[in-house]
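Listed below are the residues making up each chain.
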Amino acid sequence: MTTQADKAKQFLTLHKPGEPLLLPNPWDLGSARILASLGFRALATTSAGAAMSLGKTDGGLGRGEALEHARTIVGGTDLPVSADLEQGFADDPAGAARTVVLAMETGLAGCSIEDYSGPGGGLYDIGLARERITAAAAAAHIGEVPFVLTARAENHIRGNPDLADTIARLQAYQEAGADVLYAPGLTALADIRQVVASVDRPVNVLTLPGLPPVAELAAAGVARISVGSGFFAAAYGTLAEAAAELRDQGTYGYIGGPGQAAAAAAFK
């Protein structure tokens, strides 16, 4: 059986600039197993998908719920799993570090910590944000398991598309000890190239409308591409379409579609 340390090492090794890791985000155990059966090499949780699958809004999970969700995903596959742990469920550096310690105890290979303080809040001051990543990185790297810490600069999905500030934050998080740098919301190839050239850590981007194809992102030096809640939204969109067909047309065209074949392949 692959150990947690092996998974963590494997996860970090998969981050190769120019050969980006395609990192899908399951929202429950079933979706994790389907994605694993399709040949993906690692998985990551989605805070939005996890919350909404439980009938809550994005940001609606507490630390205990998020960690228990991560533990479930870890237990359902042999793949390395990273967790979206939002802002670490704490504003202070010690609290963020404590969340990383608890995350390591679930069997995860890594986690992400962002610089957005949560619903109703704003971005942390860059100084505090750096202190939080410094504490989180110290917790991630103190043990035998080489836990992979991803630091997120949230500017571009929080109404502040300031590329210079995003780069300054990512550089600060690199210096603070982050293993991977992530600026969700970037879609312009020129901006992505500038970010990649400005740091010395693997760079992750989020799939969004307007994001260039994988081949172009690879040529720009991107090392990881995350789906976020995209697959969750696609799955629930398909559910809504099937339900609307039954309600409005009284027909059953959704039966026998690719979803059933995917489930049959995954749940043997």
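As a starting point, this report considers the structure included with it. (Residues numbered from 1 in each chain as written. Predicted model: local features only at pLDDT ≥ 70, side-chain atom pairs only at ≥ 80, totals over all residues. Heavy atoms only, no water.)

**A look at the overall build of the chain**
Moving on, step 1. If you tally the helices and strands in the chain, you get 11 helices and eight strands.
Moving on, step 2. Here the C-alpha coordinates of the chain stretch approximately 60 × 40 × 35 Å along the principal axes.
Moving on, step 3. A buried classification covers 49% of the 268 residues belonging to the chain.
Moving on, step 4. A sequence separation of at least 24 residues applies to 66% of the contacts in the chain between residues at least 6 apart.
Moving on, step 5. In the structure as shown, the chain presents an accessible area of about 11,900 Å², 56% of it carried by carbon and sulfur atoms. (Helix = DSSP H or I, 4+ residues; strand = E, 2+ residues; numbered from the N terminus. Buried < 20%, exposed > 50% of the residue type's maximum accessible area, 1.4 Å probe, protein only. Contact = heavy atoms within 4.5 Å. Areas by Shrake-Rupley, 256 points an atom, 1.4 Å probe, with all protein chains shown as cover.)

**Brief notes about the pairing of strand β4 (residues 110-114)**
Moving on, step 1. Within β4, five of the five residues are buried, which leaves it mostly tucked inside the rest of the structure.
Moving on, step 2. Across the two faces of β4 the burial is the same, with Gly110, Ser112 and Glu114 and Cys111 and Ile113 all buried.
Moving on, step 3. Pairing of strand β3 (residues 81-84) with β4, which is carried by three bridges, proceeds in the parallel orientation. By the bridge assignment, Ala83 is partnered in β4 with Cys111.
Moving on, step 4. In this structure, β4 lies alongside strand β5 (residues 148-152), joined through five bridges in parallel fashion. (Pairing = 2+ DSSP bridges.)

**Brief notes about the pairing of β3**
Two faces, one strand: in a regular strand the side chains alternate between the faces of the sheet.
Moving on, step 1. Burial along β3 is two-sided: the face carrying Val81 and Ala83 and the face carrying Ser82 and Asp84 are both buried.
Moving on, step 2. Strand direction decides the pairing type here: strand β2 (residues 43-44) and β3, joined by two bridges, are parallel. Bridge assignment links Leu43 to a residue of β3, and that residue is Val81.
Moving on, step 3. Where the polypeptide runs from β3 across helix α5 (residues 93-104) and back to β4, its parallel neighbour, the crossover connection is right-handed. (Right-handed = clockwise from strand over helix to strand, strands pointing away.)

**Details of the pattern of salt bridges**
Pairing between side chains of opposite charge can happen when their charged atoms approach one another.
Moving on, step 1. Per the counting criterion, the structure on display carries 11 salt bridges.
Moving on, step 2. Between Arg130 and Glu175 there is a salt bridge; the shortest N-O distance is 3.1 Å. Here the residue Arg130 occupies a position in helix α6 (residues 126-140), and Glu175 occupies one in helix α7 (residues 163-176), the gap between them amounting to 45 residues.
Moving on, step 3. With a closest N to O distance of 2.8 Å, Arg169 and Asp165 form a salt bridge. Residue Arg169 and its partner Asp165 are both found in helix α7; the two are separated by four residues, about one turn of the helix.
Moving on, step 4. By sharing partners, the salt bridges in this structure join Asp84, Glu114, Arg152, Glu154 and Arg158 into a single network. (Salt bridge = Lys/Arg side-chain N within 4 Å of Asp/Glu carboxyl O.)

**Brief notes about unusual backbone geometry**
Moving on, step 1. In this model, Glu86 sits at a positive phi of 45 degrees, which is unusual for a non-glycine residue.
Moving on, step 2. Looking at the secondary structure, you find Glu86 in the loop between β3 and α5.
Moving on, step 3. In the Ramachandran plot, Phe89 falls in the positive-phi region, its phi being about 60 degrees despite a non-glycine side chain.
Moving on, step 4. Residue position: Phe89 is located in the loop between β3 and α5.

**Thoughts on helix α1 (residues 4-13)**
Moving on, step 1. Taken together, the buried positions of α1 are Ala5, Lys7, Ala8 and Phe11. All buried residues of α1 lie within an arc of 160 degrees about the axis, which places them on one face of the element.
Moving on, step 2. Where α1 is buried, its residues meet β1 (21-23), β3, β5 and β8 (224-226). (Arc of directions from axis to C-beta.)

**A short note on the sheet that holds β3**
Adjacent strands of a sheet form backbone hydrogen bonds with each other and so pair up, either parallel or antiparallel.
Moving on, step 1. Pairing is parallel in the open sheet, where eight strands are placed in the order β1-β8-β7-β6-β5-β4-β3-β2. The open sheet is flanked by β1 and β2, the only strands paired with a single partner.

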